[in-house]
Amino acid sequence: LEIKGLHAGITRTLKYLESTQSPQGGFGNVNRDASYNQWNLSGVGILGLQTLGSTKTASVKKGLRFLTEFLTAEPLDWNKNANLYSWYYMTQCYFQQGDADWQFYNAQFLPQLLGNQQPGGDWRTERPNSTVASTSSAGADRDVYRQTLCTLMLEVYYRYLKVADREDDSPFER
């Protein structure tokens, strides 16, 4: 299936994503007190670049370096900084990158996720009434949202191909 303008659209999207990267390498606002700051949007930006076929660009490497330095200084902690929306995208981007990057992230992430799963299969509330907790604003659907994000994070082990494992005739390859 040939889609007219697809490659031009991909190129424009890549340029836009790269334009949102901060000098430090994260994606979003450099002001940590801002709502959409680097620590919670970098996984989204990196995954976007990877998905569009840019797994080896300087922007991806710079973004991963930013996240790795951040997570080294402030490791994932369910009771302190569990923003499951951000964790979902971090899980995806580190998985896509693979190798030592994935090993670094997985060593932090998996114990946090499994350690907070309850015997019934659901997950404990992450830091109640926190502005950091991504499910706080979900209201009555908070438990469903948490369950969904945690389940999707665990599916990375079973359901996702790495972007680099696409077929040779992928429409995203240029």
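All values reported here derive from a predicted model rather than from experimental measurement. Numbers given for residues are sequential positions, taken from 1 along each chain in its written order. Thresholds applied to this predicted model are a pLDDT of at least 70 for local features of residues and 80 or more for the giving and counting of side-chain atom pairs; totals over whole chains, interfaces and linings are not thresholded and use all residues. Working from all heavy atoms in the structure, the side-chain values ignore hydrogens and water.

## Some points on the pattern of salt bridges
The following threshold applies: A pair is scored as a salt bridge if a Lys or Arg side-chain nitrogen falls within 4 Å of a carboxyl oxygen belonging to Asp or Glu. Numbering of helices and strands starts at the N terminus; helices are DSSP runs of H or I of at least 4 residues and strands are runs of E of at least 2. Here's how the labels work: a residue is buried when its accessible area is under 20% of the maximum for its type, exposed when over 50%, partly exposed in between, all with a 1.4 Å probe on protein chains only.
Across all of its chains, the model carries three salt bridges by this definition. Arg146 is the partner of Glu126 in a salt bridge, and the nearest nitrogen-oxygen pair spans 2.8 Å. You can see Glu126 sitting in the loop between α6 (99-115) and α7 (142-155) and its partner Arg146 sitting in helix α7, a full 20 residues away along the chain. The buried category is assigned to Glu126, whose relative accessible area is 0%. When its relative accessible area of 2% is taken as the criterion, Arg146 is described as buried.

## A few points about the nonpolar core
Spelled out, the test is: Only buried residues count toward a nonpolar core, which is a set of Ala, Val, Leu, Ile, Met, Phe, Trp, Tyr and Cys residues joined through side-chain atoms within 4.5 Å. Contacts between residues were defined by any pair of non-hydrogen atoms, one from each residue, lying within 4.5 Å.
By size, the foremost hydrophobic cluster in this structure holds 34 residues, and its most contacted members are Trp78, Leu84, Trp87, Tyr94, Tyr105, Leu113 and Met153. Taken together, the elements giving at least two residues each to this core come down to α1 (6-19), α2 (38-51), α3 (58-73), α5 (84-97), α6 and α7. For this core, the leading source of residues is α5, giving seven residues. Residues in contact with Trp87, not counting those within four places in the same chain, are Leu76, Asp77, Trp78, Asn81, Ala82, Tyr105, Gln112 and Met153.

## Observations regarding the side chain of Gln108
Where we set the bar: Definition of a polar contact: a pair of N or O atoms within 3.5 Å, with one able to donate and the other able to accept a hydrogen when the atoms are protein atoms, and with sequence-neighbouring residues admitted only if both atoms are side-chain atoms.
With respect to the element layout, Gln108 can be found in helix α6. Side-chain polar atoms of Gln108 contact the backbone nitrogen of Leu76, separated by 2.8 Å. In contact with Gln108, other than residues within four places in its own chain, are Leu71, Thr72, Pro75 and Leu76.

## Looking at α3
This is how it is decided: Between the first and last residue of a helix there are one fewer steps than residues, each counted as 1.5 Å, and that sum is the expected span. Picture the helix axis, draw a direction to every C-beta atom, and the arc is the one those directions span.
Helix length check: α3 (16 residues) gives 23 Å between terminal C-alpha atoms against 22 Å at 1.5 Å per residue, within 8%. The set of residues buried in α3 consists of Ser59, Val60, Gly63, Leu64, Phe66, Leu67, Phe70 and Leu71. Viewed along the axis of α3, the buried residues span an arc of 155°, placing them on a single side of the element. The exposed set on the far side of α3, more than 90 degrees from its buried face, consists of Ala58, Glu69, Thr72 and Ala73.

## Quick notes on the packing of α2 against α5
Geometry of a packed helix pair, given as the angle between the helix axes and the separation of the axes. To be explicit about the condition: To obtain an axis, a line is fitted to C-alpha atoms, over the contacting stretch when the element is a helix, and the angle between two such axes runs from 0 to 180 degrees between their N-to-C directions. Should an angle fall under 35 degrees it is taken as roughly parallel, and over 145 as roughly antiparallel, whereas 65 to 115 is taken as roughly perpendicular and any remaining angle as oblique. By convention, the crossing between two helices is left-handed when the near helix turns anticlockwise from the far helix through less than a right angle, and right-handed when the turn is clockwise. Three categories are distinguished: nonpolar for Ala, Val, Leu, Ile, Met, Phe, Trp, Tyr, Cys and Pro, charged for Asp, Glu, Lys and Arg, and polar for the others, with Gly belonging to the last.
Where α2 meets α5, the axes come as close as 8 Å, and the angle between the chain directions of the two elements is 40°. Taken together, the axes of α2 and α5 are oblique relative to one another. For the pair α2 and α5, the sense of crossing is left-handed. Residue-level inspection shows Trp39, Asn40, Gly43, Val44, Ile46, Leu47 and Gln50 of α2 in contact with α5, the latter providing Tyr85, Ser86, Tyr89, Met90, Gln92, Cys93, Gln96 and Gln97. Of the residues that constitute the contact of α2 with α5, the class distribution is eight nonpolar, seven polar and no charged.

## Section: the packing of aromatic side chains
Basically, it comes down to this: Aromatic contacts are taken between Phe, Tyr and Trp rings whose centres are within 6.5 Å, Trp giving its six-membered ring; a plane angle under 30 degrees counts as stacked, one over 60 as edge-to-face, and the others as tilted.
Applying the stated criterion across every chain, the model contains eleven aromatic pairs. Ring plane angle 85° and centroid distance 5.5 Å describe the contact between Phe95 and Trp102, whose orientation is recorded as edge-to-face. Look at Phe95 and you get buried, because its relative accessible area is 13%. Relative accessible area serves as the criterion here: at 14%, Trp102 is assigned to the buried category. For the pair Tyr105 and Phe109, a centre-to-centre distance of 5.4 Å together with 15° between the ring planes defines the contact as stacked. In this pair, Tyr105 and Phe109 both sit in helix α6, four residues apart, roughly one turn of the helix. Taken individually, Tyr105 and Phe109 each receive the classification buried, so the pair is uniform in this respect. Ring pairs connect the aromatic residues Tyr94, Phe95, Trp102, Phe104, Tyr105, Phe109, Tyr157 and Tyr158, which therefore count as one cluster.

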